[in-house]
Every structure is written in structure tokens, then in C-alpha cells.
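# Tertiary structure, described
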Amino acid sequence: MSGHIKYPENGKKITIGADGRLQVPDNPIIGFVEGDGIGPDITRACLRIWDAAVEKAYGGKRKIHWCELYMGEKAAGLYNGDYFPEETKAAMKDLVVSIKGPLTTPVGGGFRSLNVSLRQELDLYACIRPVRHYPGVPSPLKNPEEVDVVIFRENTEDVYAGIEYQAGTPENEKLANFLREEMGAQFFEGAGLGVKPISEFATKRLVRKAIQYAIDNGRESVTLVHKGNIMKFTEGAFRTWGYEVAREEFSDYTITEEELYSTYGGKRPEGKIVIKDRIADIIFQLMLLRPNEFDVIATMNLNGDYLSDAVAAEVGGVGIAPGANVSDTVAVFEATHGTAPKYAGLDKVNPGSLLFSGVMLLEHIGWREAAELIRVAYGEVVSQKIVTYDFARQIEGATEVATSAFADAIIEQIRGNLDVSKYRKQEEERKVAQEKDRQERERRRVIAPLEEMIASGRTPHTVADLMNPRPVSVPGDTTVQDAMHLMRDKGISSVFVQPGEDGQWGIMTQRDVLVRIVSPSRRPDTVKVSEVCSKPLITVPQDMTLLDCAARMAEANIRRVAVVDSSGTPIGIISDTDIFACVEHFGLPE
């Protein structure tokens, strides 16, 4: 490189192989941006920790050769006021992997956000934020260990795309006139105007990366978070396109939540990932009350910004929340908090966010042994109540230390006799607890599907969402008495009657028994169900809306209908009671 950036002479660049995978030498050159405000303090501390972990894990056979890159205030001083110089952009692309501290972002004026510029100009379309709790870290939750989610936030579109026009400018007036006169839009005079682009292309590549992550890491579900009930053609489209990419590209690995209930009776098939969606405002409540419901979340830019910070607060705050911005090739890891200028140069703040972003970086290049050492050492130090000021205020009996001293304590653990096996045992116990919880949620889905939908934030849309799956059926020559015994044993009020010579399905309900057996005093042990069942069977397809289903039931003057698949075989049953309960809780469906 020419100019201010100098590559280390003894390092080699990471490259991308023909298969799209990283080719990482034992002496890779990795870029780092020191950052503004507290950036220099936490970067110095983290570089020492990362180097110590690599040295310990690989006995000196591997070493990162750090190359300083320039953004923010330091870059402005070197590049005549340019906060994001072309040399840095080129180096980030060339080196493939880099990490950065926090950068100054003025509010309301000045230059554009450097973080947004970085993501858009390098097409780092996915912001990946893993959020989980570490033992000893203070949390406002009773059970913070239940939080273990990875958030995929689309980085390049939404209101963050920068398509906005200041009130009072000619550009604003031109757009306002067009919207009012040509499009019939109504809004107040003097409004600032912004455009919210959400495209199929950007949506699908983000959701594709989230699903692939879930597959590679054995996750249970991917949740699409949106406000599509209001913004139908942007966030609603995000939901639609998300389901499409799952169905079209990952059909061997995924099922929808609708299929989970309608086809599999609430039991998730082994190895399948459940694709579901939740309204954005509801997800905040659910991440407080039922965080273990969610594994991987894929969402748009603004939703992801809010959500990733809010969930991080549940497990210790953004001060220890890691993050990465990635494309299909380039990855830039980052501290997810701000520059905290009042603490700049005081050697005071928690380096956790940048530190764990570096852990993500080590995992990204395949150096998992070094990443694990840092996790274990961090946990040991915090468990000993050796912490920076932010945690010291929340932990009784804590020893408050400086940023550099906190790094010293972690390095001491790394270089000492760190019991990694204890950490691995804790991780195994955590996974066992997670599996036990998954089994309990599955049990609830099976025995009380509507109640579990309500509790988990799912809004029913179609008959497949509400139907009782896997209906009981009997041959037509079964006696009514045997069918009655079966109904009582199963706790059901009806059975389907399999087709006879006429090829038609039928249904026998408790009312049929009352009207056609009990009332005329017929012996149930001498009558076959084919003689008393109702035919032809009134059916609806599984994708019929609840409103249309209610109209069908009213038209036929019946209390329940069979839900059938494409071949006409009953796969479920839905009653007026089911629809009543749904409307009572959710209101009229859209």
C-alpha cells in the first residue's frame, strides 16, 4: 500500500478460495481501526488480549500481524479532513478481514455516519450480532441464561439508506409536490421526507445468510421480524420474500411454523429449522418474557438497530455486545457502542464489546481455540469480581480496575492454568438445559396449540394455524359403539369416516350419535358408522383464511369443517370454538 497504511512485512494476506471459503495463513495480516473517543483505550487492551490468546493456543506457531487502518478523527488529521479515505476502503477490501473501534457520529448535522458509509460502500449487507449471557455478568433478567440469539440486521436499505430531504429545501419541495399531486399522498406542510427502500434482492441475501448460519450452527429456528401489518409493501414484502427464499432454496432444511402445527402436530422434525415471523413491537416483549423461543432473527435495518441494543441490555449492555458487518467476502468486526468522549483517555471503560468482536473474528478465520481461551478467561475474571466501573456499580464486593488492568487480569488467566474443561462442561450443561426447554415447548405445542401460539406471539392467519392436526379416522364398517369408545378415550367430539365404495369421506360427531342412535333408541353395537355419519364432508383447504372459513361454516350451517390437503385427504379439523377463541384473543383477523 502507498500513503499512510503500511502492511507488515512478515505477514501474508487472507484470500478467498475458489469455493468461496477463507484461505488463512498462519501469519495473516488483519486490519484494525483504533476508533475515536475511548477507541484507543479499548483497542490497546484488546490487541494485547488477542495476541496472548493466539500465542497460548498455538504455541507461537500462529501470529496475527496487525495493520493499522484509518477512519474517523485520526484519519481526518492524516488525510486532510477525509474521515473515510479511499486508501482505507481499498485496504479493507484487500485484507478481507478487519476490526474497528467506535467512530464519531454527529446527530442532526455534520458528516454522514461513518458506520453507515462503511457498510454501504463496502456492501457489508449483514450486521451480525450474537447476544448471550456470560456467568457473573450483571443482568436485569431473572434468567438471563435463556438469552442466546443471533440477530441478522440488513445493513444497506430501509430508512438508513440515506434517501431523505430536509424540510425547506428545493429537493424536499419537489418531492412533496410529486407525492401530493401525482400520488395523492397527504402529510403536514414543512415535513422532512425520507424514502424507505426494501428490495427483494437485499432481503433474500440477508435471510439466506441467516438461514445458512442456522443450518451450520444447529439452530432451531429463524424468525423474520417486521412491521408488515402496517407497512405492507416494504416490511410486509420482507416477510414474504423471506419465506420465499426459505421455500425455494432451503426446502430440504426448513419448515414453516404453519407446517410445524398443521403437518407435524407441533413436533419439530429432527434437523429441520422452523421459519417463523413476528411483528416488530411484539418481539421486544417476547425477548423479555420468552427469550428462549428465538434462535436466529433476521430483520431490517431500523428494527435490527433497536432490537440488537435492547436485547444486549438484557445480558449486560452494549458495552459487552459484539458485532460484525459482512458481505459475501469482506468482514469488518466492530465495537457496537459509541465513542463515550467524556471517558476518552481515562483508561476506564469496559473493553468487552470490542474484545468479543475480536472473538467473533477469531472464529471467523477458524482459530476457535484462541477464541475459547478468551471466553473462559473473561468469565473467570468477572466471576472473581474484577471488573471495570460499569460492572463494579452493579456487583456487590467488586474490585474496580482500569481498562488496562482488566486486560492484564484476562491475560494472566490465559497464560496461567486456565481450566477450559470446566467451561466446556458448563457449555454442555447449558445445551442440555436448552434441549430440555425445547422439549417442554414442543409438548405445549402438541397438547395446547392455540394457547402456545398466543403465548409465543404467533398470530393465526389461516385454518392451518388453528386446526387440530392429525385427526382420528375409522373405517366405515366400525360399529358406532367402538367409535364412541375411541372418541371417549381420545377426548374428541368427532371422528372422520374413511371412504367406502362411494369414495367419499364422512364425519360422525357426538350430535350424530345423539340424533341418529340415542333418540331413535338404536343399539350402537349393531350400527356401523357409515350408516350415521354425515356426507359429503364439508372441507376447506389449509391455506384458507379464517374469515373465509367462518363464512363457509355459516353457509353450510355447521360447527366444524375438515381441513384437507391437495389430494382431498383430511389433515385436520377446525371448529367454531377454535375461531371464537382466536377472535376473542386477537380480534378479527386481517
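Coordinates for the structure precede this section.
Read on for a plain summary of the structure. (Residues numbered from 1 in each chain as written. Predicted model: local features only at pLDDT ≥ 70, side-chain atom pairs only at ≥ 80, totals over all residues. Heavy atoms only, no water.)

## Considerations on the packing of helix 1 (residues 39-58) against helix 14 (residues 403-415)
In the contact formed by helix 1 and helix 14, the axes pass within 9 Å of each other and the chain directions differ by 5 degrees. It follows from the interaxial angle that helix 1 and helix 14 lie roughly parallel. Counting all contacts with helix 1, which are made through Asp 41, Ile 42, Ala 45, Arg 48, Ile 49, Ala 52, Ala 53 and Lys 56, the residues of helix 14 involved are Thr 403, Ser 404, Ala 407, Asp 408, Ile 410, Ile 411, Ile 414 and Arg 415. For the contact of helix 1 with helix 14, the residue count by class is nine nonpolar, two polar and five charged. (Axes fitted to C-alpha atoms, helices over the stretch in contact; angles between N-to-C directions. Helix = DSSP H or I, 4+ residues; strand = E, 2+ residues; numbered from the N terminus. Parallel < 35°, antiparallel > 145°, perpendicular 65-115°, else oblique. Contact = heavy atoms within 4.5 Å. Nonpolar A, V, L, I, M, F, W, Y, C, P; charged D, E, K, R; others polar.)

## Let's talk about the packing of helix 12 (residues 368-383) against helix 14
Each pair of packed helices gets described by two things: the angle between the helix axes and the distance between those axes. Interhelical geometry of helix 12 versus helix 14 gives an angle of 120 degrees and a closest axis separation of 9 Å. When the axis of helix 12 is compared with that of helix 14, the two are oblique. In this structure, helix 12 crosses over helix 14, and the sense of that crossing is right-handed. Residue-level contacts link Leu 373, Ile 374, Ala 377, Tyr 378, Glu 380, Val 381 and Val 382 of helix 12 to Phe 406, Ala 409, Ile 410, Gln 413 and Ile 414 of helix 14. Partitioning the contact of helix 12 with helix 14 into residue classes produces 10 nonpolar, one polar and one charged. (Left-handed = near helix turned anticlockwise from the far one by under 90°.)

## Some thoughts on the sheet that holds strand 21 (residues 494-497)
Strand order in this open sheet of three strands is 20-21-22, and the pairing throughout is mixed. Two strands close off the open sheet at either side, each with one partner strand: strand 20 (473-474) and strand 22 (506-509). Strands in contact with helix 18 (residues 480-490) are strand 20, strand 21 and strand 22; relative to strand 22, the strand with the most contacts, it is inclined by about 70 degrees. (Pairing = 2+ DSSP bridges.)

## What to know about the pairing of strand 11 (residues 221-226)
Burial runs high along strand 11: six of the six residues are buried. Burial of the side chains of strand 11 extends over both faces: Ser 221, Thr 223 and Val 225 are buried on one face and Val 222, Leu 224 and His 226 on the other. The pairing of strand 11 with strand 13 (residues 273-279) spans six bridges and is classified as parallel. Bridge pairing links His 226 to Ile 279 in strand 13. Both strand 11 and strand 14 (residues 296-299) contribute to a ladder of four bridges, which runs parallel. Bridging from a neighbouring strand, Val 225 pairs with Thr 299 of strand 14. (Buried < 20%, exposed > 50% of the residue type's maximum accessible area, 1.4 Å probe, protein only.)

## Remarks on the sheet that holds strand 24 (residues 560-564)
Ordered by their spatial adjacency, four strands build an open sheet running 19-25-24-23, and the pairing between neighbours is mixed. One side of each edge strand has no neighbouring strand; the edge strands of this open sheet are strand 19 (468-469) and strand 23 (539-541). One ladder, built from two bridges, connects strand 19 with strand 25 (residues 570-575); its direction is antiparallel. Looking across to strand 25, one finds that Asn 468 is bridged to Ile 573. Against the sheet, helix 21 (residues 546-556) engages strand 23, strand 24 and strand 25, with an angle of about 80 degrees to strand 25. On top of the sheet, helix 22 (residues 576-586) reaches strand 19 and strand 25; it is set at about 60 degrees to strand 25, its chief contact.

## Quick word on the pattern of salt bridges
In total, this model carries 50 salt bridges according to the counting rule given. Of the charged contacts, one joins Arg 430 and Asp 148 as a salt bridge, the two residues approaching to 2.6 Å between their closest N and O atoms. Within this pair, whereas Arg 430 is found in helix 15 (residues 420-447), its partner Asp 148 is found in strand 8 (residues 148-154), the two being separated by 282 residues in sequence. The burial state of Arg 430 is the same as that of Asp 148; both residues are buried. Here Lys 196 makes a salt bridge to Glu 235, at a shortest N to O gap of 2.9 Å. Separated by 39 residues along the polypeptide, Lys 196 in the loop between strand 10 (193-194) and helix 6 (200-216) and Glu 235 in helix 7 (residues 235-249) bring together distant segments of the chain. For the pair Lys 196 and Glu 235, one class covers both residues: buried. One continuous salt-bridge network, built from bridges that share partners, spans Arg 132, Asp 148, Arg 219, Glu 220, Arg 268, Asp 295, Glu 427, Arg 430, Asp 437, Arg 438 and Arg 441. (Salt bridge = Lys/Arg side-chain N within 4 Å of Asp/Glu carboxyl O.)

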